Amino acid sequence: MPDNWSFVIAAYLLAAVVLGAYWRHLVKKERELESHERMDQPVKGPQSVGGHVNPSMSGPHSVTGHFNQSVKGTAVNQSVKATEPRVPGPGHPRSEPSTRRPLP
Amino acid sequence: MNRTLGWLVILGLVAGLVMGFVVAPRDAAQGNVQRIMYVHVPSVLVAYLAFAVVLIASIVYLTTRREAADRIGHASAEVGVLFTGITIASGAIWGKPTWGTWWTWDARLTSVAVLFVMYLGYLLVRGMVDDRERAARYSAVVGIVAALDVPLVHFSVYWWRTLHQPPTMLKPGPSTMPGVFAATLLVNLAALALVYVFLVMKRVRLLRREEEALA
């Protein structure tokens, strides 16, 4: 019977390609997760400036667009991404005294 | 631990290739094309192992609701599907020069194809159901039902008249294979089993981190 080396090589290559592709898929996923975690990390660190936000203050006008999380009682700066400006803008709840509620 | 296992995987794969291409002699009947066996047979045995792990993890999840069991089942099913795919493809490549056809609706081939589709279904169920707890519960049920096909695959060559040869490993009675062939097969089986463990461990870790990121 002829040796059919091409079939042998094809079978081994195919196995290597399948396992290698899955490995690359896992590595890519891991990198995505790491970059996601890195983006979240500075927010939880010592750069935090604010306290809790009154849920009623968060609305569609918020600068970060992430204030919906604060409705659940999360600290403001945990929802602010590192790439976003830290300087209070016009829609920032701490920048406009008029939007603050008087203390009881 | 992970790095050590990675090096063991590389070592195992190199040893398997050396055994398969250098140490093991050319087969008297089939010639060198028989070397496909060192990928084909270990792949299906590792797939059996993966699906046995899915079965155990599914039972554990349904009885204890431990998320770790669900993650192990999920990861093992993914890797098991990969190895089943390799088994089917390498079998087709081996079948062409030896049987004269890439595929035939033989009992063994058909039951393996059904196994492949069932575990694809397991993964699809996970992706289709939004609620995490329900997805885990449904897929655990699929994981248990699909495992019933594994003995059917293995014994199909005894129960039906098939083109596929009877098992060379996991069969009753003493081995009829010459020692060097059996040793090569075992080394490749160990190497692919290490690959399985390595991939499953990595996938389980990633699944846990994904869940933590979503929480």
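The structure reproduced in this document is the subject of the present report. Just so we're clear, the structure is a prediction, and the values are computed from it rather than from any experiment.

Further remarks concern the overall build of chain A. Along the backbone of chain A there are 1 helix and 0 strands. Scored against the burial criterion, the 104 residues of chain A give a buried share of 25%. Considering only contacts in chain A between residues 6 or more positions apart, those separated by 24 or more positions represent 59%. Summing over all exposed atoms, chain A offers an accessible surface of approximately 7200 Å²; the carbon and sulfur share of this is 59%.

This part takes up unusual backbone geometry. Residues and elements named next belong to chain B. Backbone geometry at arginine 65 places phi at a positive 60 degrees, although glycine is not the residue there. By secondary structure assignment, the location of arginine 65 is in the loop between α2 (37-64) and α3 (67-99). By relative accessible area, which is 39% here, arginine 65 ends up partly exposed.

With that settled, consider the pattern of salt bridges. Following the criterion strictly, the structure yields 11 salt bridges over all chains and no others. Where Glu30(A) meets Lys202(B), a salt bridge forms, and the shortest distance between an N and an O atom there is 2.8 Å. Pair noted here: Glu30(A) is in helix α1 (residues 5-44) and Lys202(B) is in helix α7 (residues 179-214), and the two residues belong to different chains. Among the ionic pairs, Glu78(B) bridges to Arg203(B), the shortest N-O distance being 2.8 Å. Residue Glu78(B) is found in helix α3, and its partner Arg203(B) is found in helix α7; the two are separated by 125 residues along the sequence. The network of salt bridges with shared partners includes Asp70(B), Arg71(B), Arg126(B), Arg132(B) and Glu211(B).

With that settled, consider the packing of aromatic side chains. Residues and elements named next belong to chain B. Here the structure, examined in full by the defined rule, presents 10 aromatic pairs over all chains. Each ring, one from tryptophan 103 and one from tryptophan 105, has its centre 5.4 Å from the other, and the planes form 80 degrees; the classification is edge-to-face. When its relative accessible area of 67% is taken as the criterion, tryptophan 105 is described as exposed. Here phenylalanine 155 and tryptophan 159 contribute two aromatic rings whose centre-to-centre distance is 5.6 Å and whose plane-to-plane angle is 25 degrees, an arrangement assigned as stacked. Here the residue phenylalanine 155 and the residue tryptophan 159 both occupy positions in helix α6 (residues 149-159), the gap between them amounting to 4 residues, near one helical turn. Ring-pair connections join several aromatic residues into one group, and the members of that group are Phe155, Tyr158, Trp159 and Trp160.

Looking at soluble globular proteins, one finds that nonpolar side chains tend to be buried together. Counting residues in each nonpolar core, the largest one holds 55 residues, and the members touching the most others are Leu19(A), Ile36(B), Phe83(B) and Tyr119(B). Looking at this core, the elements with two or more residues in it are α1 of chain A together with α1 (2-23), α2, α3, α4 (107-128), α5 (132-147), α6 and α7 of chain B. With 12 residues, the single largest contributor to this core is α2(B). If we ignore the near neighbours within four places in the chain, the residues touching Leu19(A) are Leu82(B), Phe83(B), Ile86(B), Leu192(B), Val195(B) and Leu199(B).

For Tyr22(A), the position within the fold is in helix α1. Tyr22(A) has contacts with Glu78(B), Val79(B), Leu82(B), Leu199(B) and Arg203(B), leaving out every residue within four places of it along the chain.

Taken together, the contact pairs 23 residues of chain A with 34 residues of chain B. Between chain A and chain B, the buried area comes to about 2700 Å², and carbon and sulfur atoms account for 74% of it. On the surface where chain A and chain B come into contact, there are 3 salt bridges. Remark: the boundary between chain A and chain B carries 4 residue pairs in polar contact (both at pLDDT 80 or more). Partitioned by chemical class, the residues of the side of chain A that touches chain B number 17 nonpolar, 1 polar and 5 charged.

The subject of this paragraph is the side chain of His74(B). Inspection of the secondary structure puts His74(B) in helix α3. Apart from residues no more than four positions distant in its own chain, His74(B) is found in contact with Tyr122(B), Leu123(B), Arg126(B), Arg203(B) and Leu207(B).

What follows covers empty space enclosed by the protein. Residue and element names in this part refer to chain B. Under the defined criterion, the tally for this structure stands at 1 cavity of 30 Å³ or more. Of the pockets and cavities examined, the largest cavity occupies roughly 40 Å³. If you go around the largest cavity, the residues you meet are Ala57, Ser58, Tyr61, Ala69, Asp70, Gly73, Tyr122, Arg126, Ala136, Ser139 and Ala140. For the lining of the largest cavity, the secondary structure elements donating two or more residues are α2, α3, α4 and α5. Here the lining of the largest cavity is composed, by residue class, of 6 nonpolar, 3 polar and 2 charged.

The subject of this paragraph is the packing of α3(B) against α7(B). All names here are of chain B. Close contact between α3 and α7 brings their axes to 8 Å; oriented N to C, the two are set at 135 degrees. Compared by their axis directions, α3 and α7 come out oblique. Like other packed secondary-structure pairs, α3 and α7 cross with a definite hand, here right-handed. On α7, the residues that touch Glu67, Arg71, Ile72, His74, Ala75, Ser76, Glu78, Val79 and Phe83 of α3 are Leu192, Val195, Tyr196, Leu199, Val200, Arg203, Val204, Leu207, Arg208 and Glu211. Here the residues of the contact of α3 with α7 are counted per class, giving 11 nonpolar, 2 polar and 6 charged.

What counts as what
- Residues numbered from 1 in each chain as written.
- Chains lettered and ligands numbered in written order.
- Predicted model: local features only at pLDDT ≥ 70, side-chain atom pairs only at ≥ 80, totals over all residues.
- Heavy atoms only, no water.
- Helix = DSSP H or I, 4+ residues; strand = E, 2+ residues; numbered from the N terminus.
- Buried < 20%, exposed > 50% of the residue type's maximum accessible area, 1.4 Å probe, protein only.
- Contact = heavy atoms within 4.5 Å.
- Areas by Shrake-Rupley, 256 points an atom, 1.4 Å probe, with all protein chains shown as cover.
- Salt bridge = Lys/Arg side-chain N within 4 Å of Asp/Glu carboxyl O.
- Phe/Tyr/Trp six-rings, centres within 6.5 Å; stacked < 30°, edge-to-face > 60°.
- Core = buried A, V, L, I, M, F, W, Y, C linked by side-chain atoms within 4.5 Å.
- Buried area = accessible area lost by both parts, 1.4 Å probe.
- Polar contact = N/O pair within 3.5 Å; in protein donor to acceptor, adjacent residues only side chain to side chain.
- Nonpolar A, V, L, I, M, F, W, Y, C, P; charged D, E, K, R; others polar.
- 1 Å grid on protein atoms, 1.4 Å probe; cavity = no way out; pocket = protein on both sides within 12 Å on 5 of 7 lines; lining within 4 Å.
- Points joined across faces, edges and corners; volume = space filled by probe spheres on them.
- Axes fitted to C-alpha atoms, helices over the stretch in contact; angles between N-to-C directions.
- Parallel < 35°, antiparallel > 145°, perpendicular 65-115°, else oblique.
- Left-handed = near helix turned anticlockwise from the far one by under 90°.

Interpretation note: all reported values are geometric properties and have no functional meaning in isolation.
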